[in-house]
Amino acid sequence: MRHGETLDGEKTVQIVHRVASVLRAFSARGLLGITDLANATGLPKSTTHRLVTALVNEGLLVQDEDSHKYALSLHVTAMGASILGSNAVRKVARPILMELRDQTHESVHLAVLEGMEAVIIDTEDSYFLVRFVNVPGQHLPAHAVSTGKAMLAYQWEVRLREMINHATLTRYTDSTITDPRLLLEELRRVRAAGYAVSCGELEDGIDAVAAPVFDHLGTVVAAVSIGGPSERCRPKQNEMISAVTRAGQQISQALHYVGWT
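**What to know about the sheet that holds strand β5 (residues 139–141)**
Sheet architecture is open: 6 strands sit in the order β5-β4-β3-β8-β7-β6, paired in antiparallel fashion. Two strands close off the open sheet at either side, each with one partner strand: β5 and β6 (196–199). On average, each strand axis in the sheet is inclined to that of its neighbour by 30 degrees, with strand direction left out of account. Taken together, the 3 bridges between strand β4 (residues 117–124) and β5 define a ladder with antiparallel strand orientation. Across the sheet, residue glutamate 117 finds its bridge partner in β5, namely proline 141.

**Description of the side chain of histidine 143**
Mapped onto the elements, histidine 143 comes out in the loop between β5 and α5 (146–152). At 2.8 Å, the side chain of histidine 143 and the backbone oxygen of threonine 170 are in polar contact. Filtering out sequence-adjacent residues up to four positions away, histidine 143 remains in contact with Met116, Lys149, Leu152, Thr168, Leu169, Thr170, Tyr172, Thr176, Ile177, Leu183 and Glu201.

**Observations regarding the confidence of the model for the chain**
Summing up the model confidence of the chain, the mean pLDDT is 87 and the portion of residues at 70 or higher is 87%. Averaged pLDDT values for the elements of the chain fall to 75 in helix α1 (residues 2–24) and rise to 97 in α5. Long-range and interchain partners of residues 1–5, a stretch whose pLDDT sits below 50, account for 0 contacts in this model, where long-range means more than four residues apart.

**Quick look at helix α7 (residues 180–193)**
The end-to-end C-alpha separation of α7 is 20 Å, in line with the 20 Å expected for 14 residues at 1.5 Å each. Those residues of α7 that sit buried are Leu183, Leu184, Glu186, Leu187 and Val190. Angularly, the buried residues of α7 cover 160 degrees about the axis, an arc narrow enough to put them on a single face. Looking at α7, the residues exposed on the side facing more than 90 degrees away from the buried face are Arg188, Arg189 and Ala192. Of the surrounding secondary structure, the elements contacted by the buried residues of α7 are α5, α6 (157–165) and β6. Where α7 starts, the residue carrying a side-chain oxygen 2.8 Å from the main-chain nitrogen of arginine 181 turns out to be aspartate 179.

Calculation rules
Residues numbered from 1 in each chain as written. Predicted model: local features only at pLDDT ≥ 70, side-chain atom pairs only at ≥ 80, totals over all residues. Heavy atoms only, no water. Pairing = 2+ DSSP bridges. Helix = DSSP H or I, 4+ residues; strand = E, 2+ residues; numbered from the N terminus. Axes fitted to C-alpha atoms, helices over the stretch in contact; angles between N-to-C directions. Polar contact = N/O pair within 3.5 Å; in protein donor to acceptor, adjacent residues only side chain to side chain. Contact = heavy atoms within 4.5 Å. pLDDT = per-residue confidence, 0-100. Expected span 1.5 Å × (residues − 1). Buried < 20%, exposed > 50% of the residue type's maximum accessible area, 1.4 Å probe, protein only. Arc of directions from axis to C-beta.

What follows is the structure, encoded as structure tokens:
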């Protein structure tokens, strides 16, 4: 009996090891086929196929409709973003957020992405009496805020389509983007520009600009933003864009991202 339990235990450990090796293979590349995964893990193709099928069924992997290759699902990436966001990103970003607030005099925020929501993990409030206030732990609709758009724009295409196809793009103001096609076009513009702008898309009279934050693998893990009343922020939007993109680069470099060196 004890011998059988030992064999079962060893088999379980082997399965866990194989699953972990499949998931780890995605750290270097976003889309992988069965052959790619078999080569990366050293597992037979038949074993790799069974593991991938099981991971897809459990919602941990998704398959790209065009290439038929696989990518980590939103569940996995959201968990990773949450863990990193509450630790390394927040720690290195804190002095940069304070400097950004002092430089622009507006409220600044740091957020991570969970599904189609931007989750605030740190803030520095403006000194002005009339100001834009968010609090750590607050969930905001990613399609309607600058931080959300800055992070969505850098998702792998298969994940982005999955996210948008399963999302309800709620309208909050007349400026909110609720058409999936128009949102994808907006996200392409964000990626090309390197920053996102939100002008009254969540709340009338509130403007914000945001820039992505990347880790050492070049994966977007957070976004930093500046926001405030439109009448005060609209005239200095270019100044705010320059400041927030510089802050995003500084935080990314502190996380050992080398894309700007």
